[in-house]
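In case you want the letters, here they are:
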Amino acid sequence: MTLSIRSATPDDLPLIADLIRGLAEYEKLADAVRFDEAVLGAKLFGERPYAEVIIGELDGKAQGFALFFHNFSTFEGKPGVYLEDLFVRPEARGSGLGKALLSRLAAIAMERDCARLEWSVLDWNAPAIGFYKKLGARLMDEWTVMRVDGVDLARLGADRGAEGGKSA
């Protein structure tokens, strides 16, 4: 078995979309997938890419992906890598592909002088949590994820605060 990791290209957009849908099914969130493939492509491969994708292959067949972007640690004074999504197709689990994807992300973080690699995991996903712990990851129990989206995001954005209505 040959395992390889490569950077995604615009030609991979249908594959990326398919892998995202596979991840959503696994996470029991298929109904939450709302992206438009063309918009996704523009955000990943357009003039200002917002995220990057690496593809994991077994014997030349794409079996997984990781989508990531940079964040920034003010305490460290350095960027970090935030792993938004990691997915390996069920038939490829146990092959080492998930570890290889995370290892490549760790190498990217080191190459780019990042302070850390971070991600979130669903609290019910015991297999993933166990896998991540074996790689040296630790739970950040003292932190709670917060989110503003949809109507609340639009409302908050419309109240431009102390700027007097000017956008930044």
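Residues numbered from 1 in each chain as written. Predicted model: local features only at pLDDT ≥ 70, side-chain atom pairs only at ≥ 80, totals over all residues. Heavy atoms only, no water.

(A) The environment of A62, seen in detail. When you line up the elements, A62 lands in strand β3 (residues 61-73). Residue contacts for A62: discarding those within four places in its chain leaves L15, I55, G56, E57 and R89. (Helix = DSSP H or I, 4+ residues; strand = E, 2+ residues; numbered from the N terminus. Contact = heavy atoms within 4.5 Å.)

(B) Structural detail: helix α2 (residues 37-45). Inspection of α2 places L40, G41 and L44 among the buried residues, and these make up the whole buried set. An end-on view of α2 places all buried positions within 100 degrees of arc, on one side of the element. On its buried face, α2 sits against α1 (13-26), β2 (52-58) and β3. With a side-chain oxygen positioned 3.0 Å from the backbone nitrogen of A38, the residue opening α2 is D36. (Buried < 20%, exposed > 50% of the residue type's maximum accessible area, 1.4 Å probe, protein only. Arc of directions from axis to C-beta. Polar contact = N/O pair within 3.5 Å; in protein donor to acceptor, adjacent residues only side chain to side chain.)

(C) Region of interest: the nonpolar core. I54, L86 and L105 are the most contacted members of the largest nonpolar core, which has 18 residues in total. Of all the secondary-structure elements, those providing two or more residues to this core are β2, β3, β4 (78-88), α3 (97-111) and α4 (126-134). Examining the composition of this core, we find that six residues originate from one element, α3, more than from any other. Excluding anything up to four places from it in sequence, L86 contacts L23, F65, A66, L101, L102 and Y132. Of all hydrophobic cores here, the second largest spans 16 residues; its members include A8, I20, A51 and I55. (Core = buried A, V, L, I, M, F, W, Y, C linked by side-chain atoms within 4.5 Å.)

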